[in-house]
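The chain contents come next:
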Amino acid sequence: MDLCEASEELKQKYLFRVPYSKEFADYIWPGMVVNPEKILSLNDMQLGPDDVVIASYPKSGTTWASEVLSAIAHDGDTEMLSRIRMDERVLWLELDDKAWWIKFFYIWKNKIFSNSATNAVPKKRICFTHLPLELLPPSILEGKCKLLYVARNPKDQAVSFFHFHRMARFLGMQTHTSWNEFFPLFCSGFLYCGSWFEHVLAYWKFTQNNPQAKFICYEDMKRDLMAEMESLEQFVGVPLSMEQRVKVVKHCSFDSMKDNKMANRDGVMLFNEKISKFMRKGIVGDWKNYFTVAQSEAFDELYQEKMTGTGLHFEFE
Ligand code: PPS
């Protein structure tokens, strides 16, 4: 059997391991946090010129881009950011906030972080989503607000997603799913958010034809965060001074975000950080520690097949 192909047995195991998994619109959803009704209700959501939506396939650098944009929206005021939790500054669009246990999470969180109340009004309202393009609310697709897509090379993304499946309660804390099982599920797109290729390529095409939308890569942020920040400032129309920019770049480095409880998802009950940290490694090239030579070659072939002619290229090291 092709290394990239997932057997029926494996697919059934995945569905069984994700708690309350739901199938909707040809995708698998972790029913503990996302449900079809909530996704459908987003159709009525009105977004405007002061809204910025960050979209991504999970584990592509969403949290990193969120912190950078949030810093820009708060005029580079990193002290202010350190008083408000990320999940209050950057809302998850499709999160089923009516689920009883999500309410419990918020009650618990507010008890611990009661000092996070503030009157700070950001220049832009930011939210994030992992929804595939075709499920976005119409107001985003019609260009009523800005859309930023963050992508990461699929080999590192797959490794990060593998660890995420082990530690995220809503994905079943799949410590029994081995890398060799996860790899074909990822390649065949039989997992939460579907095929990486389809997700990324749909947004890639959209951002090429829509001036309100922008596509950025994790690897570019890693190479030169300062340059990426400048272009993000232009994109959202909030310029910072060089002094503010230097401060934000430092604030958004992996090491400072890792130690920053307001940005590192610390205390989020959705995760079991005893198994794996949310801020895990933050590097390019970790895939080499997981992919076998045969898996890497099989993936390269799949990558060529799907990506040739799209004009989109990723750095893998
Ligand atoms: S999620 O759950 O989908 O929102 O995850 P997401 O934020 O998209 O991705 C998490 C990965 O991004 C890494 N990360 C960073 N890398 C470099 N610098 C900074 N500042 C940073 N912040 C988050 C995080 O460590 C996850 O990658 P891995 O490879 O697992 O370490």
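Just above, that's the structure.
Because the structure is a prediction, the values reported are computed rather than measured.

Caption draft 1: Spatial organisation of the packing of helix 1 (residues 8-17) against helix 9 (residues 179-188). Direction vectors running N to C along helix 1 and helix 9 enclose 100°, while the axes themselves pass 10 Å from each other. Between helix 1 and helix 9, the interaxial angle falls into the category roughly perpendicular. Residue-level inspection shows Leu10, Lys11, Lys13, Tyr14 and Arg17 of helix 1 in contact with helix 9, the latter providing Glu181, Pro184 and Leu185. Tallied by class, the residues present in the contact of helix 1 with helix 9 amount to 4 nonpolar, no polar and 4 charged.

Caption draft 2: Inspection of the environment of Lys155 at higher detail. Relative to the helices and strands, Lys155 is located in helix 8 (residues 154-167). Each C-alpha atom of the pair Lys155 and Asp300 lies 9.6 Å from the other, and the pair is 145 residues apart in sequence. Setting aside residues no more than four positions away along its own chain, Lys155 makes contact with Trp287, Phe291, Ser296, Phe299, Asp300 and Phe316.

Caption draft 3: Geometry of helix 12 (residues 225-236). Over its 12 residues, helix 12 extends 16 Å from the first C-alpha to the last, a length consistent with the 16 Å expected when each residue adds 1.5 Å. Where helix 12 is concerned, the buried positions are Leu225, Glu228, Met229, Leu232, Glu233, Phe235 and Val236. The buried residues of helix 12 occupy one face: seen down the axis, they fall within an arc of 160°. Directly beyond the C-terminal end of helix 12, a positive phi value near 75° is found at Gly237.

Cut-offs applied
- Residues numbered from 1 in each chain as written.
- Predicted model: local features only at pLDDT ≥ 70, side-chain atom pairs only at ≥ 80, totals over all residues.
- Heavy atoms only, no water.
- Axes fitted to C-alpha atoms, helices over the stretch in contact; angles between N-to-C directions.
- Helix = DSSP H or I, 4+ residues; strand = E, 2+ residues; numbered from the N terminus.
- Parallel < 35°, antiparallel > 145°, perpendicular 65-115°, else oblique.
- Contact = heavy atoms within 4.5 Å.
- Nonpolar A, V, L, I, M, F, W, Y, C, P; charged D, E, K, R; others polar.
- Expected span 1.5 Å × (residues − 1).
- Buried < 20%, exposed > 50% of the residue type's maximum accessible area, 1.4 Å probe, protein only.
- Arc of directions from axis to C-beta.

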